[in-house]
Amino acid sequence: MHQCFSRDVFDFDDNCKLTRTERLSLIICFTSMVVDDFRSDNEKYINTYLSRSSLKKRDSHLVTMASLNVFVHALFVLLTQVSLAEYSKDDILPDKCENFSSGTKFINIGAMFPLNGSWDGGVSCFPAAQLALAHVNCHPSRSLVDGYKLKLQVTNTYCEPGKGVKDLYDFLYESSPDTPSAILGPGCSSVSTAVAEAAHLWNVLMVSYGSSSPALSDRDRFPTFFRTHPSALIHNPTRLNLFSQFGWKKAFVLVHLQEVFTTTADDLTQQGKKHGIAVKRSTFQTNPKNAIESLKAQDARVIVGLFYETVARQVFCEAYKAGLYGPKIVWFILGWFPDNWFHPRKNEHLSCTLEQMRAATEGHFTTEIMQLGSEDSPTFSGIKPLHFQSKLLDKLDKAGKNSGGFPESPLAYDAVWALAIAINKTIVELKNEGKSVEEEFKAIRDVTVLSKDAFSLLKRNLDRTNFMGVSGNVSFFAGDRVSSVAIEFMSNGSYLDYGSHTENYDVSMVQNDHDFWPFSVKYQAPRDQIEMRSELDRLKPPVLFTFSIFAFLGMLISIALLIFNNSSFRNASIIYNSQPAMNSVMLLGCVVTLFCVFLNGLTDELDSSIRTDTLCQGVLWLMSLGFTLGFGALFAKVWALHVVAAKMKPSRMKALAKSRASHGGSSNGLTSPTLIRSKAKMTLAQRPEIQKKASVMSERGDPPSGQSSVGGASTFGGHELPKDVKVSSTHMYACLSLLFLLDLAFLSLYSYLAPLSLQNEFLPMRNVTADGEVRVRPYIRHCRSTDHNTWTGLNFGIKGFLLLLGALFAYDSRNVHLDNMNDSRQVAMSVYNIVTLFWTTVPVTMLIKAHQDASYIFSALATILSVFVTQGFIFGPKLRALIDGSRNPNVIEDVAKESSVKHLAVAGVERNGSGSLPMKRESTKRRKAANRKRANELELYHDLNEENERIKEEIAELDAYLIRLRDKYEELSKERLENTLRKRVPPGRVPIEDVDFFTEFLYIDAEDVDQMNVTEL
């Protein structure tokens, strides 16, 4: 090749036929040689001159020669750049290449384009393929070897599978001897599926430029199918990456029932599960209206649309009508539609205007493979991507970039080049093997379009394809194109770049100066759904803190009283005669119950890692046993009093009957009321004598009448009981032990059959923001179990029945006052208090259990109040008496006098003096002084007591008189009335001797009797 270049004239020999690229290489080569020769000669001159010149001259010439070298080098660089610019222009590639000699050898390629139909991608892809064919056939350095040329046999598939199969048949059987050795296309996935499933039977290799169905990736089903358009599945990682970037965990996919779309939807659903994103599907066959309404009903916010262009216009029109658009809705659709795809077409008769379609499509995303390389990227064919587009636009009509398939046109261009490169390598390999290319590419009817060797080599070369095309790097993996995905979004009717994505990498965003979301703050994505947060409705800290303080205060008071009840004060009669053992058990139950108030508030504060089930079980046991100990002690006391009252009732009735029988009456066994009144007056007249007698008794130190000389008397209904009538401590201990054992048995059965665990109970939603986009679903924690209501009902039922029974016993024994249980009235009041609070608190707490704070406040307040009131009733009088006794040395000796004071207070008599109660151990001197101080009070009490007893006797006599009167009347009235009626008297008159009978027994005046007839009487 060097002989073709004249170094003397720096030009090429006309007889040499060199390509322009080869000429460019020779220019650069010889320019470099000239510069090297100049530098060599220059260095020889400098060395010779330096050996002969002085130092000063040497420096001057060195500078001159260095400058000359720099100038020559710069001239070389400039010449090289000019040559490169001149010989690397894209216009060296022709737009047409048709004038071939008669001996040109062609390799036929069948080309299937959808020039119209559901997707008219062939409108742009066919001119792109023609341009690529011209560049392949007439490329100065990239043409096929040995003068082979490619030839396209074009058909229109209308994007119909049936038409595609017919075209395949025509290629195989109707085009001989020009049977295609391979097929370019088809462009529609449905057509490619039908054609590729049959093409491999004739060893037909296919390279598609537009089919994206994931089903075509099945190499067992489509072993000879390749495509420069990646599988639709390549979009799913991009979509999921965007979902994760925006924080979306829920998405919907609207699917037109086509295999390419259903397969993509299946993959998106499966991949979504791996990424923790829930993907729900809505499908339609023809009319998307129902599917859109379904999405609206499900509050879909992020929607992936899988459908073709014509269907997309119907979908967004229906979305506009349903209101499924706007700042809260984000659509993702395919990116291979033309930029004006949303403009209504005249022949489609859409019921939406252009403005409505603009509003419905505003802000939607598109994902599409990188179909056009960067501006300056070098390509194998030598044409730059943008220059390719400009050449293609020259071939298209006025629709330009809005022509069907324009985004996919670079893929069609590179598909032709992929076939050409693979065929060229196959030809070279066949020739190296000494085989005839014509024979190997010759079709055998009904068998194959290529020989076995040619088919294997061509398929292998396609698998190994790797070159830089106008759509980017072109390579295949198992027949699928390896590519990145471009992401765009629509703003104000135009598409803007958002970024790109390569599988296994995050989305690389494009920096834009405009707002990313047209309706919202920059880079603030809308929500994928109404944000619903589950929030634990905890007890407010002030509530828990306040009641915990009161609970611990009550526990301290209970412990202090427990110490007091079992300390040296235990020997005081007021403590000793109040069953201190039972009181100690009651205080222990109070401590346990108050501790449960604190534990109930902890269920919301404990972390889930802590064994809260154990806490639930502990609270149940402690609360139940605390109640049994606290109330059980009180119940044992009232039960013992009830036993005494039940024993004393028959004796009392006999005593009353004997007292009534001992009083005499007037004639006929009747006592006149006048006599009774006279006796009462006589009793009052005797009061000075009574007072004098009481004074004398007081001076002697003897107890008054009706009082025991040893201790206070036990009474029942105002009547003195025998001294041996006392409460049995054994009975109380047995009752309390029985209650405790029954409670243990019930709790054991409860915990074994239905163990408690901490469970969440969700409450109604509430809005956090004004637009309702953020809602909180509060929940509270409850200790619950299987059949919780049944077991809780049993527990409360048993406790409630015990409370009612205790109240009944307390009421029945209200008049029993025993010397060894001096706080019976306070015990009864405590039982009434607990019963009232229990039956008030339990129902209300069950009704308001959803209100965490209110429920806790109500139950804790009732528990604390019942404990404090009970302790005040039981220990308040005792503490006051001991405090007063310590201040005043004049105290009462024993419990008998204490009981007398209580009865005096009930009668309404005010006590003079301090009224303090004694310690049991007092000196004789103090005891005598106390008796003298009490003389006046006991005298007054004795008088009133005597008068009260007399009045009771008179009332009893009156009752007996009335009974006798009624018996007498029933005996005599019948006999006299019969005798009167038998007498012969004038009709209607009453004999005079019978008038006394009527006036005496019937209390009728004599005048009235004389005027009345017998019938009236």
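Definitions and limits used
- Along every chain, residues carry numbers that run from 1 in the direction the sequence is written.
- Only residues with pLDDT of at least 70 are given local features in this predicted model, and only at 80 or more are side-chain atom pairs given and counted; all residues enter the totals for whole chains, interfaces and linings.
- Side-chain metrics in this entry use all non-hydrogen atoms of the structure; hydrogen atoms and water are not considered.
- Each helix is a run of H or I in the DSSP string that is no shorter than four residues. Each strand is a run of E no shorter than two, and both are numbered from the N terminus.
- For every residue, the accessible area (1.4 Å probe, protein chains only) is compared with the maximum for its type, and the residue is labelled buried under 20%, exposed over 50%, or partly exposed between those bounds.
- Residue contacts are counted whenever heavy atoms from the two residues lie within 4.5 Å of one another.
- Values of accessible area rely on a 1.4 Å probe in the Shrake-Rupley scheme; residue burial ignores everything except the protein chains shown.
- Within this document, salt bridges are pairs made up of a side-chain nitrogen of Lys or Arg and a carboxyl oxygen of Asp or Glu, the two lying within 4 Å of each other.
- Disulfides are defined as pairs of cysteine sulfur atoms found within 2.5 Å of each other.
- In this description, a nonpolar core means a group of buried Ala, Val, Leu, Ile, Met, Phe, Trp, Tyr and Cys residues linked to one another through side-chain atoms lying within 4.5 Å.
- An axis is simply a line fitted to the C-alpha atoms; with a helix, the fit covers only the stretch in contact. Between two such axes, the angle follows the N-to-C directions and lies from 0 to 180 degrees.
- In this scheme the handedness of a crossing depends on how the near helix is turned from the far one: anticlockwise by less than a right angle means left-handed, clockwise means right-handed.
- Polar here means any residue other than Ala, Val, Leu, Ile, Met, Phe, Trp, Tyr, Cys and Pro, which are nonpolar, and Asp, Glu, Lys and Arg, which are charged; Gly is therefore polar.
- For patch building, the residue pool is restricted to those with more than 30% relative accessible area and no salt bridge; the joining distance is 9 Å between like charges and 5 Å between nonpolar side chains (Val, Leu, Ile, Met, Phe, Trp, Tyr).
- Here, the arc refers to the directions that run from the helix axis to the C-beta atoms.
- Two strands make a pair as long as DSSP finds a minimum of two bridges between them.
- A helix's residues, less one, multiplied by 1.5 Å, set its expected span.
- On a scale of 0 to 100, pLDDT captures the predictor's confidence in every residue.
- Centres within 6.5 Å are what make two rings of Phe, Tyr or Trp a pair, Trp counting through its six-membered ring; a difference in plane orientation under 30 degrees is then read as stacked, over 60 as edge-to-face, and the rest as tilted.
- For a ring to carry a charge above it, either NZ of a lysine or CZ of an arginine must fall within 6 Å of the ring centroid while also lying within 35 degrees of the normal to the ring plane.

**Looking at the overall build of the chain**
Of regular secondary structure, the chain possesses 29 helices and 25 strands. Burial statistics for the chain: of 1017 residues in total, 46% are counted as buried. The long-range share in the chain, meaning contacts at least 24 apart out of those at least 6 apart in sequence, stands at 74%. Carbon and sulfur atoms make up 56% of the accessible area of the chain, which amounts to about 51,300 Å² in all.

**Thoughts on the pattern of salt bridges**
Across all of its chains, the model carries 19 salt bridges by this definition. For the salt bridge of R301 with D299, the shortest nitrogen-to-oxygen distance reads 3.0 Å. Using a relative accessible area of 4% as the deciding quantity, one classes R301 as buried. The closest approach of N and O atoms between E309 and R345, which form a salt bridge, is 3.3 Å.

**Let's talk about the state of the cysteines**
One covalent bond between the sulfur atoms of two cysteine residues makes up a disulfide. As enumerated under the stated definition, the model contains 3 disulfides in all. The partner cysteine of C159 in its disulfide is C188, sulfur to sulfur 1.9 Å. Residues C159 and C188 are joined through a disulfide that is left-handed, its torsion about the S-S bond being -120 degrees. With C159 in the loop between β4 (148–156) and α4 (161–173) and C188 in the loop between β5 (182–184) and α5 (189–199), this pair connects stretches of sequence that are 29 residues apart. Since its relative accessible area comes to 5%, C159 is described here as buried. The side chain of C317 participates in a disulfide bridge whose partner is C352; the two sulfur atoms lie 2.0 Å from each other.

**So, the side chain of T841**
Mapped onto the elements, T841 comes out in helix α23 (residues 824–847). The exposure class of T841 is buried, given its relative accessible area of 9%. The residues contacting T841, other than those within four sequence positions of it, are F858, S859 and A862.

**Regarding the nonpolar core**
One finds L150, L184, F243, L254, F307, W331 and F332 to be the most contacted residues of the largest nonpolar core, which totals 129 residues. A total of 14 residues in this core trace back to one element, the largest contributor, which is helix α12 (residues 409–432). If we skip the residues at most four places from it in the chain, L150 touches F106, I107, I109, L133, V136, N137, L144, A420 and I423. Residues V597, F838, I874 and L882 belong to the second largest nonpolar core, which totals 56 residues.

**Concerning the packing of α4 against α5**
Here α4 crosses α5 at 35 degrees, and the two axes come no closer than 8 Å. The two elements α4 and α5 cross, and the hand of that crossing is right-handed. Contact residues: α4 offers P161, G164, V165 and L168, while α5 offers S190, V191, A194, V195, A198 and A199. Counted by class, the contact of α4 with α5 contains 8 nonpolar, 2 polar and no charged residues.

**A closer look at unusual backbone geometry**
Cis geometry marks the peptide bond from G185 to P186, where omega comes out at -5 degrees. When you line up the elements, P186 lands in the loop between β5 and α5. Positive phi values are uncommon outside glycine, yet C159 reaches one of about 60 degrees. Phi is positive for H349, which is not a glycine, with a value near 55 degrees. One can find H349 in the loop between β11 (330–334) and α10 (354–361).

**Side note on a nonpolar patch on the surface**
Taken together, the side chains of F550, L553 and I557 present a nonpolar region at the surface, about 240 Å² in accessible area. What makes F550 partly exposed here is its relative accessible area of 40%.

**Describing helix α8 (residues 289–297)**
Residue pairs three or four apart in sequence face the same way in an α-helix, which turns once every 3.6 residues. Within the span of α8, buried status applies to A291, I292 and L295. Burial along α8 is one-sided: seen end-on, the buried residues are contained in an arc of 100 degrees. More than 90 degrees from the buried face of α8, the exposed residues found are N290 and A297. Looking at the packing, one finds that the buried side of α8 touches β8 (250–256), β9 (278–284), β10 (302–306), α9 (309–322) and β11. Where α8 ends, the next residue or the one after it, D299, has phi of about 55 degrees, a positive value.

**Some words on the sheet that holds strand β13 (residues 466–469)**
Ordered by their spatial adjacency, 3 strands build an open sheet running β13-β14-β15, and the pairing between neighbours is antiparallel. What marks the edges here is a single partner per strand, and that holds for β13 and β15 (480–481). Note: strand β14 (residues 472–477) against β15, 2 bridges, orientation antiparallel. Bridging from a neighbouring strand, F477 pairs with D480 of β15. Helix-sheet contacts for α12 involve β13, β14 and β15, and the interaxial angle to β13 is about 145 degrees.

**Digging into helix α7 (residues 259–274)**
The end-to-end C-alpha distance of α7, which contains 16 residues, comes to 23 Å, matching closely the 22 Å that a straight helix rising 1.5 Å per residue would cover. Turning to α7, its buried residues number three or more, namely V260, F261, T264, A265, D267, L268, T269 and G272. Here the buried face of α7 lies against α5, α6 (235–246), β8, β9, β10 and β11.

**Side note on the confidence of the model for the chain**
With 70% of its residues at a pLDDT of 70 or more, the chain has an overall mean of 76. Residue range residues 511–515 is modelled with pLDDT below 50. Its contacts to residues more than four positions away, or to other chains, number 10 contacts. The low-confidence segment residues 889–922, where pLDDT is below 50, has 70 contacts with residues more than four positions distant or belonging to other chains.

**Some thoughts on the environment of L350**
With respect to the helices and strands, the residue L350 is situated in the loop between β11 and α10. Between the C-alpha atoms of L350 and C317, which are 33 residues apart in sequence, the distance is 7.5 Å. If we skip the residues at most four places from it in the chain, L350 touches R313, Q314, C317 and P344.

**Observations concerning the environment of P764**
Within the element layout of this structure, P764 appears in the loop between β22 (757–762) and β23 (766–767). For P764, a relative accessible area of 67% corresponds to the exposed category. Sequence separation between P764 and A850 is 86 residues, and the spatial gap between their C-alpha atoms is 9.7 Å.

**Brief notes about the packing of aromatic side chains**
Inspection of the entire model under this criterion finds 39 aromatic pairs. Summarising the aromatic geometry, the rings of F547 and Y856 are spaced 6.1 Å apart at their centres and angled 85 degrees between planes, so their arrangement reads as edge-to-face. With F547 in helix α15 (residues 541–565) and Y856 in helix α24 (residues 852–887), this pair connects stretches of sequence that are 309 residues apart. The exposure class of F547 is buried, given its relative accessible area of 12%. Among the aromatic residues, ring-to-ring pairing joins W119, F261, Y308, F316, W331, W336, F337, W341 and F342 into one connected group. The ring of Y148 is capped by K105, whose NZ or CZ atom sits 4.3 Å from the centre of that ring. One Lys or Arg, R219, reaches over the ring of F226 and ends 5.1 Å from the middle of that ring.

**A word on the sheet that holds β5**
As summarised here, the arrangement of the 5 strands in space is β4-β3-β5-β6-β7, forming an open sheet in which the pairing is parallel. If you trace the sheet from one side to the other, it starts and ends with β4 and β7 (225–227), each paired once. Averaged over all adjacent pairs, the angle separating strand axes in this sheet is 25 degrees, with direction ignored. As judged from the 3 bridges shared by strand β6 (residues 205–208) and β7, these two strands associate in the parallel manner. In the sheet register, V207 faces β7, and the bridge partner there is F226. Contacts between α12 and the sheet are confined to β3 (105–113), β4, β5 and β6, with β5 contributing the most and set at about 160 degrees to the helix.

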